[in-house]
Structures are given as C-alpha cells and as structure tokens.
Amino acid sequence: MNEDDLRDCFAMFASMRIGVDGSEGAMLQSAKRCYLFADAMLEARKQKESENEEDTGIASVAKRSYKRKGCKRV
C-alpha cells in the first residue's frame, strides 16, 4: 500500500466518524476535514518512525506458528 492509498484509507475511517447531513457544500467541507485528519495521521506515523518508538497494540503482536500434532505438511 503506497502513501496515497494509506491517506485515502485514513480519510475513509475519519469519514465514518464525521457524519454529514446537508448540502453539497457541507459534504465538501466534511471531506476536506477528513483529509486533514488523514494528513495528521500520516505525519504522526512519520514522527513515530523517526523516533523509533516501540510498537504497541496490534502492531506489536508477534506472528504465531501453528503446528498441529499428527499433521504432516504436504
């Protein structure tokens, strides 16, 4: 996923939080706010990467190895 796709994804999630009832102008303003939120999320993400913060939450979940007893890999 490139940065533009990620920005669109962040804006989509922000739009779920910001409800809009009204005119086309109100919807345009809401969309602009969603992209402002998305830009802020990308900036926070860049700052985190540059500070080498330790991952927490879902990002810190280690991959598990699922091995079943008695099953052979094909």
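First things first, this report covers the structure right here in the doc. Nothing here was measured: the structure is a model prediction, and the numbers come from that model. (Residues numbered from 1 in each chain as written. Predicted model: local features only at pLDDT ≥ 70, side-chain atom pairs only at ≥ 80, totals over all residues. Heavy atoms only, no water.)

1. Examining the side chain of Ser-30
For Ser-30, the position within the fold is in helix H2 (residues 24-51). What Ser-30 contacts, discounting residues up to four positions off in sequence, is Ile-18 and Val-20. (Helix = DSSP H or I, 4+ residues; strand = E, 2+ residues; numbered from the N terminus. Contact = heavy atoms within 4.5 Å.)

2. Here we look at the environment of Lys-32
Among the secondary structure elements, Lys-32 is positioned in helix H2. What makes Lys-32 partly exposed here is its relative accessible area of 49%. Along the chain, Lys-32 and Ser-15 lie 17 residues apart, while their C-alpha atoms are 9.9 Å from each other. (Buried < 20%, exposed > 50% of the residue type's maximum accessible area, 1.4 Å probe, protein only.)

3. Some words on the pattern of salt bridges
Scanning the model with the defined rule gives 2 salt bridges in all. In this structure, Glu-3 and Lys-46 form a salt bridge, with 3.5 Å as the shortest nitrogen-oxygen distance. Here Glu-3 is found in helix H1 (residues 3-17), whereas its partner Lys-46 is found in helix H2, with 43 residues between them in sequence. For Glu-3, a relative accessible area of 44% gives the class partly exposed. We classify Lys-46 as partly exposed; its relative accessible area is 42%. Ionic pairing is found between Asp-39 and Arg-7, a salt bridge with its closest N-O pair at 2.5 Å. Of the two residues, Asp-39 sits in helix H2 while Arg-7 sits in helix H1, which places them 32 residues apart along the sequence. (Salt bridge = Lys/Arg side-chain N within 4 Å of Asp/Glu carboxyl O.)

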